[in-house]
Amino acid sequence: MAGALVGPAGIMVSSLANVAFLSSSGTNIHLMRRDAPTPQRRSTSWVDQSALVALGLGLFLHLLGPAPMATHWVLAVAGPVFAFVGAAMFIGSMRHPHNSSADRQSGGVSRWLALTAVRVGWLVPVALITTSHAVAVVAILSALGAPAFNPTQLSILYGYRSAVVSVAARWTWTLLPVGYLLARFAF
């Protein structure tokens, strides 16, 4: 969405924001794997940490020189395919009996509201303070945007039952129209 609203600058800021959170994501995944109710095979760790592996590989390839022009077409095809696969996995994870049964746990909605307030309270000031249009749009879309796909999938993979994850997967979508309208017209 940032790319559609701002262009290449929005894509760049979104990508840099994702990269900035990779080390904490990698640490969280390591800790979740280690303590997972569903035991994890050691050999699958590299798959779970594939974002960090891809970042390292990308930085190494960047040192070798610029990307060939053909990569533009690979990305133009791979982007929508990966988006479709990710969305399908999200829907499948959300509707999986493991996450559906977590809906019935108490406290999910109130904890989701509190965590959403923290996210909005952190990112909206960034959007207001920055002088960069792209940063403001990405901050608003991050604060009031689509839910993260990873928690619903990892909760099934590792065996965690979380009402907050289940509630977030269902109700965070309600914020997306507000986020889009603010990003489109206010910033």
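Quantities reported herein were computed from a predicted structural model and do not represent experimental measurements.

Conventions used here
- Residues numbered from 1 in each chain as written.
- Predicted model: local features only at pLDDT ≥ 70, side-chain atom pairs only at ≥ 80, totals over all residues.
- Heavy atoms only, no water.
- Axes fitted to C-alpha atoms, helices over the stretch in contact; angles between N-to-C directions.
- Helix = DSSP H or I, 4+ residues; strand = E, 2+ residues; numbered from the N terminus.
- Parallel < 35°, antiparallel > 145°, perpendicular 65-115°, else oblique.
- Left-handed = near helix turned anticlockwise from the far one by under 90°.
- Contact = heavy atoms within 4.5 Å.
- Nonpolar A, V, L, I, M, F, W, Y, C, P; charged D, E, K, R; others polar.
- Core = buried A, V, L, I, M, F, W, Y, C linked by side-chain atoms within 4.5 Å.
- Buried < 20%, exposed > 50% of the residue type's maximum accessible area, 1.4 Å probe, protein only.
- Polar contact = N/O pair within 3.5 Å; in protein donor to acceptor, adjacent residues only side chain to side chain.
- Patch = residues over 30% accessible without salt bridge, like charges linked within 9 Å, V, L, I, M, F, W, Y side chains within 5 Å.
- Areas by Shrake-Rupley, 256 points an atom, 1.4 Å probe, with all protein chains shown as cover.
- Salt bridge = Lys/Arg side-chain N within 4 Å of Asp/Glu carboxyl O.
- Expected span 1.5 Å × (residues − 1).

1. As for the packing of helix 6 (residues 71–95) against helix 10 (residues 150–158)
Running from N to C, helix 6 and helix 10 cross one another at 60 degrees; their axes reach a closest spacing of 9 Å. The orientation of helix 6 with respect to helix 10, classified from their angle, is oblique. Between helix 6 and helix 10 the crossing geometry is left-handed. Note on element contacts: helix 10 touches helix 6 through Thr 152, Gln 153 and Ile 156, opposite Gly 86, Met 89, Phe 90 and Ser 93. Of the residues contributing to the contact of helix 6 with helix 10, the split by class is 3 nonpolar, 4 polar and no charged.

2. Some remarks on the packing of helix 8 (residues 108–129) against helix 9 (residues 133–143)
Axes are the key here: two packed helices are described by the angle between their axes and the distance separating the axes. Orientation of helix 8 relative to helix 9, taken along the N-to-C sense of each, is 165 degrees, at an axis distance of 8 Å. By the angle class used here, helix 8 and helix 9 are roughly antiparallel. With respect to the hand of their crossing, helix 8 and helix 9 are arranged in left-handed fashion. Of the residues in helix 9, those in contact with Arg 119, Val 120, Leu 123, Val 124, Val 126 and Ala 127 of helix 8 are Val 135, Ala 136, Ala 139, Ile 140, Ser 142 and Ala 143. Looking at the contact of helix 8 with helix 9 residue by residue, the class counts come to 10 nonpolar, 1 polar and 1 charged.

3. Brief notes about the nonpolar core
The biggest cluster of nonpolar side chains holds 11 residues, and these are Ala 2, Val 13, Ala 127, Ala 134, Ala 136, Val 137, Val 138, Ala 139, Ile 140, Leu 141 and Ala 183. The biggest single contributor to this core is helix 9, with 7 residues. Every residue in contact with Leu 141, bar those within four places of it in the chain, is listed here: Met 1, Ala 2, Leu 5, Gly 179, Tyr 180 and Ala 183.

4. A look at the side chain of Ser 166
Topologically, Ser 166 is positioned in helix 11 (residues 163–171). A polar contact of 3.1 Å, which involves the side chain of Ser 166, links it to the side chain of Arg 170.

5. A short note on the side chain of Ser 162
Checked against the element boundaries, Ser 162 lands in the loop between helix 10 and helix 11. Owing to a relative accessible area of 19%, Ser 162 belongs among the buried residues under this scheme. Engagement of the side chain of Ser 162 in a polar contact is seen with the backbone nitrogen of Val 165, the distance being 3.3 Å.

6. Here we look at a nonpolar patch on the surface
On the surface, a nonpolar cluster with roughly 640 Å² of combined accessible area is contributed by Val 77, Val 81, Phe 82, Phe 84, Val 85 and Met 89. Of the residues examined, Val 77 reaches a relative accessible area of 55% and is grouped as exposed.

7. Topic: helix 3 (residues 22–34)
A rise of 1.5 Å per residue sets the reference length of helix 3, with its 13 residues, at 18 Å; its end C-alpha atoms lie 18 Å apart and thus fit the reference within 8%. Where helix 3 is buried, its residues touch helix 2 (8–20), helix 4 (45–48), helix 5 (50–64) and helix 10.

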